[in-house]
Amino acid sequence: MSKIQRSAEEYVQGILAGNRVVLGQAITLVESTRPEHQALAQTVIQQLLDQRQGSAEASQDSGHTSQASIRIAITGAPGAGKSTFIEALGMYLVEQGEKVAVLAIDPSSAVSKGSILGDKTRMERLSASEHAFIRPSAAGTSLGGVARKTRETILLVEAAGYNTVLIETVGVGQSETAVHRMTDIFLLLLLPGAGDELQGIKRGIVEMADILAVNKADGDRVKLANQARAHYLNATHLLPPKASGWAPVVLRCSAQEGTGIAEIWDAIATCRSQLMKNNFFEKNRRQQAKYWLEEAIDAGIKAAFFGNPAVRAQLAALEPEILAGRVSPFAAAEAMLHAYFKENPS
Ligand code: GDP
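A brief look at the structure comes next. These figures come from a predicted structure and were not determined experimentally.

So, how was this worked out
- Residues numbered from 1 in each chain as written.
- Predicted model: local features only at pLDDT ≥ 70, side-chain atom pairs only at ≥ 80, totals over all residues.
- Heavy atoms only, no water.
- Core = buried A, V, L, I, M, F, W, Y, C linked by side-chain atoms within 4.5 Å.
- Buried < 20%, exposed > 50% of the residue type's maximum accessible area, 1.4 Å probe, protein only.
- Domains from an automatic or database assignment.
- Contact = heavy atoms within 4.5 Å.
- Helix = DSSP H or I, 4+ residues; strand = E, 2+ residues; numbered from the N terminus.
- Arc of directions from axis to C-beta.
- Near = heavy atom within 4 Å.
- Polar contact = N/O pair within 3.5 Å; in protein donor to acceptor, adjacent residues only side chain to side chain.
- Areas by Shrake-Rupley, 256 points an atom, 1.4 Å probe, with all protein chains shown as cover.
- Nonpolar A, V, L, I, M, F, W, Y, C, P; charged D, E, K, R; others polar.
- Axes fitted to C-alpha atoms, helices over the stretch in contact; angles between N-to-C directions.
- Parallel < 35°, antiparallel > 145°, perpendicular 65-115°, else oblique.
- Left-handed = near helix turned anticlockwise from the far one by under 90°.
- Expected span 1.5 Å × (residues − 1).
- Phe/Tyr/Trp six-rings, centres within 6.5 Å; stacked < 30°, edge-to-face > 60°.
- Pairing = 2+ DSSP bridges.

**Description of the nonpolar core**
Ranked by internal contacts, the top residues of the largest apolar core, which has 51 residues, are Ile15, Leu23, Leu156 and Val157. A domain-level breakdown of this core finds at least three residues from each of domain 1 (8–61) and domain 2 (70–278). Here Ile15 is in contact with Val22, Leu23, Ala26, Val44, Leu48, Leu156, Ala159 and Ala160, once residues within four sequence places are set aside. Counting 36 residues, the second largest nonpolar core, distinct from the first, contains Ile74, Ala88, Leu187 and Trp265.

**With respect to helix α1 (residues 8–16)**
Helical geometry note: an α-helix holds 3.6 residues per turn, so side chains three or four residues apart project in the same direction. The set of residues buried in α1 consists of Ala8, Tyr11, Val12, Gly14 and Ile15. Seen end-on, α1 carries its buried residues on one side only, within an arc spanning 165°.

**Focus: the site of the ligand**
Around the ligand sit 16 residues in total, of which Gly79, Lys82, Thr84, Asp218 and Ala255 are the nearest. Within the side chain of Ser83, a nitrogen or oxygen atom sits 3.0 Å from an oxygen atom of the ligand. Between Lys216 and the ligand, the recorded distance is 2.9 Å, taken from a side-chain N or O atom to an oxygen atom. Protein chains bury 74% of the 580 Å² of accessible surface belonging to the ligand in isolation. Looking at the shell around the ligand, its residues break down into four nonpolar, seven polar and five charged.

**Things to note about the packing of helix α7 (residues 143–159) against helix α13 (residues 280–307)**
Here α7 crosses α13 at 135°, and the two axes come no closer than 12 Å. When the axis of α7 is compared with that of α13, the two are oblique. Seen along the crossing, α7 lies across α13 with a hand that is left-handed. Between α7 and α13, the residues in contact are Ala147, Arg148, Arg151 and Glu158 and Arg285, Ala289 and Trp292, respectively.

**Quick look at helix α2 (residues 20–31)**
Counted at 1.5 Å a residue, the expected span for α2 with its 12 residues is 16 Å, and the 16 Å between its end C-alpha atoms agrees. A side-chain oxygen of the first residue of α2 lies 2.9 Å from the backbone nitrogen of Val21; this N-cap is Asn19.

**Some thoughts on the packing of aromatic side chains**
Inspection of every chain in the model, using the stated rule, returns five aromatic pairs. Between Phe305 and Tyr340, the ring centres sit 5.2 Å apart and the planes meet at 80°, which makes this aromatic pair edge-to-face. Linking Phe305 in helix α13 with Tyr340 in helix α15 (residues 329–343), this pair joins segments that are 35 residues apart in sequence. When sorted by exposure, Phe305 lands in the same class as Tyr340, which is buried. When the centroid spacing of 5.1 Å and the interplanar angle of 80° are considered together, the rings of Tyr340 and Phe341 count as edge-to-face. The structure contains a cluster of three or more aromatic residues connected by ring pairs, namely Phe305, Phe306, Tyr340 and Phe341.

**Structural notes on the sheet that holds strand β7 (residues 249–252)**
Note: strands within a sheet are paired through backbone hydrogen bonds, in either parallel or antiparallel orientation. Taken in spatial order, the seven strands line up as β3-β2-β4-β1-β5-β6-β7 in an open sheet, and their pairing is parallel. Edge positions in the sheet fall to β3 (132–134) and β7, since each has one partner strand and no second. Taken over all neighbouring pairs, the strand axes of this sheet differ in orientation by 20° on average, direction set aside. Here helix α11 (residues 222–237) sits on the sheet and contacts β5 (185–190), β6 (211–214) and β7; the angle it forms with β7, its principal contact strand, is near 175°.

Distances and angles like these do not, on their own, reveal function.
Structure follows, in structure tokens:
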């Protein structure tokens with residue numbers, strides 16, 4: 001994006017009217033690292049939050065509770081069938097009149113220029129639907145940076161009326177934890193037959209899952225899919241109970257044939273209504289907001305500290321001393337932090 005083309009007001013009105021072009025441009029603004037773009041993006045987001053607050057109060061006054069959005073993480077090892085599944089689930093929802101946004105978190109996209117969702121042909125039918133909005137992962141140098149942009153993008157797509165937000169991630173690294181911290185429900189897609197060790201799925205990821213779905217339960221893989229389901233049923237029974245009170249379910253599907261998709265959606269709906277009933281849904285969203293606040297402060301402090309010329313000069317001078325073992329890393333850190341905060345008192 002070379003220059004700012006719209007005012008905050010134009011972005012806000014366009015997004016609220018569901019204008020996909022304006023929505024796409026607003027996301028580009030959020031993703032931009034230029035300070036003036038960031039400032040404008042923050043104004044747009046704040047105005048959208050104010051609007052949302054206003055309409056939530058109005059709907060409460062009129063006795064209607066506004067239809068809350070649902071944010072769903074979709075993860076699984078590469079090849080588990082995530083994009084095929086998202087296409088099947090997305091089309092199922094669109095056919096029911098839902099508006100669906102598909103986002104992704106892929107920190108590796110900085111290097112590979114968008115490896116997940118980059119290739120639009122992977123979700124041909126869904127990307128052709130006017131009720132679906134598909135956006136590849138933001139690029140960035142750090143997972144935190146990419147995750148923050150995705151979280152802000154969630155607010156934008158919801159403001160544009162996409163009330164079901166699916167967030168894809170790759171299933172092998174830390175991006176799952178970030179996605180877990182910005183979604184209401186976590187869905188793990190599994191391959192038939194193989195246990196977690198073979199699928200490269202870490203135990204921690206299985207623990208996060210609310211819904212586990214063994215995909216590719218079709219053709220001669222049905223038996224293997226049943227075995228995998230039994231394995232994961234057993235595994236989930238051994239896990240400690242979730243803070244949300246939800247007991248994970250293990251289902252089967254074939255994203256390719258479209259079987260089991262409705263059952264998975266039913267399970268998502270049941271999970272959502274249970275979490276709403278026991279107030280975990282709201283509580284979790286509040287905790288997530290607090291987490292991202294702290295995360296943003298943390299990132300801001302780090303950027304200010306390491307961007308400070310005096311700190312950089314000191315670091316460059318001290319590093320060889322520390323590496324050679326002549327200066328303690330803790331003493332050096334202490335001295336630099338002390339100097340920095342003396343120079344920038346609160
Ligand atoms: P991703 O890497 O997790 O996004 O996986 P993809 O959606 O790209 O799917 C990987 C491969 O598995 C592709 O060749 C798909 O056609 C195939 N695939 C996905 N879902 C199914 C399914 O339900 N059944 C079968 N037989 N193949 C599937």
